[in-house]
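Residue-level structure breakdown
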Amino acid sequence: MKKRFSIIVSVLMFCLLLNPTFVQANEYQGKAEEFDQTGEKYQSASEVFRKEEVEELIEQVETKKLMPDKTDFTASDGMLRASFGQYPTRKGVILVTKDKYKGLIPTGHAAIIYGRNVVVESLSQGVTTGRNDWYSTKTTCYGVTVKNTTARQDSNAADWCYEQISKPYNFSYYNMSTRAKFYCSQLVWAAFLDNYNIDLNTMAFANSTIPSNPIHPMELVWTDETNLIYEK
């Protein structure tokens with residue numbers, strides 16, 4: 001029995017040495033700062049996105065009204081299509097959930113639709129693709145579109161996000177200027193800021209002692225720069 005226990009401990013230690021970010025991604029509670037895989041110091045997500053402020057932001061989002069997507073009108077007569085309010089599959093639409101997500105940002109995750117069945121998102125292992133099935137796999141889901149872009153520009157923003165695939169997860173939530181790594185909402189925010197100078201951030205989590213302003217996924221819904229086109 002003792003020998004078997006020693007073997008199990010050895011295997012676990014070996015796994016942790018191979019993947020040190022595993023420990024970081026699951027030790028947010030109770031730690032004010034850590035170091036990511038590049039050696040940069042960061043504050044935990046629960047420290048940056050404080051629970052009370054997240055709950056207040058969610059309450060504000062609940063007051064936002066559902067609007068038609070920019071492609072929900074027919075070109076000939078401007079009539080509203082039957083697709084109004086349906087789950088989005090259009091490339092470049094932003095998806096947000098307030099579900100708790102794998103120990104990363106508490107109460108929230110964001111992605112951008114890349115295809116009918118594909119999204120681009122940043123998870124603990126970095127920027128990657130996932131399934132566009134949030135209507136069934138998430139308890140809550142919001143679809144939003146940027147007001148002052150065309151459908152083609154939205155598509156190009158999704159392409160930009162796709163080009164970031166394989167870049168690591170950005171655990172330093174205040175480091176918004178880096179393009180070497182991304183967290184989920186930062187990835188979507190950067191796509192529209194860098195390509196169209198449209199800032200989807202708000203002041204919900206601004207810190208007077210730190211010049212950079214982190215962005216929570218729910219801010220992508222709350223900002224005046226987007227329309228809510230789907231809600232679950």
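Everything in this summary refers to the structure shown in the same document. Worth saying up front: this structure is predicted, and the values here are computed from it rather than measured. (Residues numbered from 1 in each chain as written. Predicted model: local features only at pLDDT ≥ 70, side-chain atom pairs only at ≥ 80, totals over all residues. Heavy atoms only, no water.)

What about unusual backbone geometry?
The condition that has to hold: Helix and strand labels come from DSSP, where a helix needs a run of H or I of at least four residues and a strand needs a run of E of at least two; each type is numbered from the N terminus.
A positive phi angle is found at Ser166, which is not glycine, with a value near 90°. Along the chain, Ser166 falls in the loop between α6 (151-162) and α7 (184-196).

As for α7
Quick reminder of the rule: By this rule, a helix spans an expected 1.5 Å times one less than how many residues it contains.
A rise of 1.5 Å per residue sets the reference length of α7, with its 13 residues, at 18 Å; its end C-alpha atoms lie 19 Å apart and thus fit the reference within 8%. Positive phi appears at Asn197, one or two residues downstream of α7, with a value of about 55°.

Re the nonpolar core
Put simply, the rule is: Residues enter a nonpolar core if they are buried and are Ala, Val, Leu, Ile, Met, Phe, Trp, Tyr or Cys, with the set joined through side-chain atoms within 4.5 Å. Type-normalised accessible area, obtained with a 1.4 Å probe on protein chains alone, sets the label of each residue: buried when under 20%, exposed when over 50%, and partly exposed for intermediate values. When checking whether two residues touch, look at their non-hydrogen atoms; a contact exists if any pair is within 4.5 Å.
Core analysis: the biggest nonpolar cluster contains 43 residues, and Ile94, Val96, Ile112, Tyr173, Phe192, Leu200 and Leu220 have the highest contact counts within it. Among the elements of the structure, α3 (45-48), α4 (51-61), β3 (94-97), β4 (109-115), β7 (142-146), α6, α7 and α8 (219-222) are those that each provide at least two residues to this core. Non-local contacts of Leu220, meaning those with residues more than four positions away in its chain, are made with Ile94, Val96, Ala110, Val144, Ser185, Val188, Leu200, Ile215 and Thr226. Core analysis: the second largest hydrophobic core is formed by ten residues, Tyr87, Val93, Leu95 and Cys141 among them.

Quick notes on the environment of Gly108
Considering the arrangement of structural elements, one finds Gly108 in the loop between β3 and β4. In this structure Gly108 comes out as buried when scored by relative accessible area, which is 2%. When the C-alpha positions of Gly108 and Glu219 are compared, they lie 10.0 Å apart, and in sequence the two are 111 residues distant.

Section: a negative patch on the surface
For the record, the criterion: Patch criteria: residues need more than 30% relative accessible area and no salt bridge. Like-charged residues are merged within 9 Å; nonpolar side chains of Val, Leu, Ile, Met, Phe, Trp and Tyr are merged within 5 Å. Surface exposure here means Shrake-Rupley accessible area, sampled with a 1.4 Å probe, where a residue is shielded only by the protein chains that are shown. By salt bridge we mean one thing: a side-chain nitrogen of Lys or Arg within 4 Å of a carboxyl oxygen of Asp or Glu. A residue counts as positive if it is Lys or Arg and as negative if it is Asp or Glu; His and the chain ends are not included. Where a charge lies is defined by one atom per residue type, namely NZ (Lys), CZ (Arg), CG (Asp) and CD (Glu).
A surface patch of like charges, here negative, comprises Glu52, Glu55, Glu56 and Glu59. Examined against the element boundaries, Glu56 turns out to sit in helix α4.

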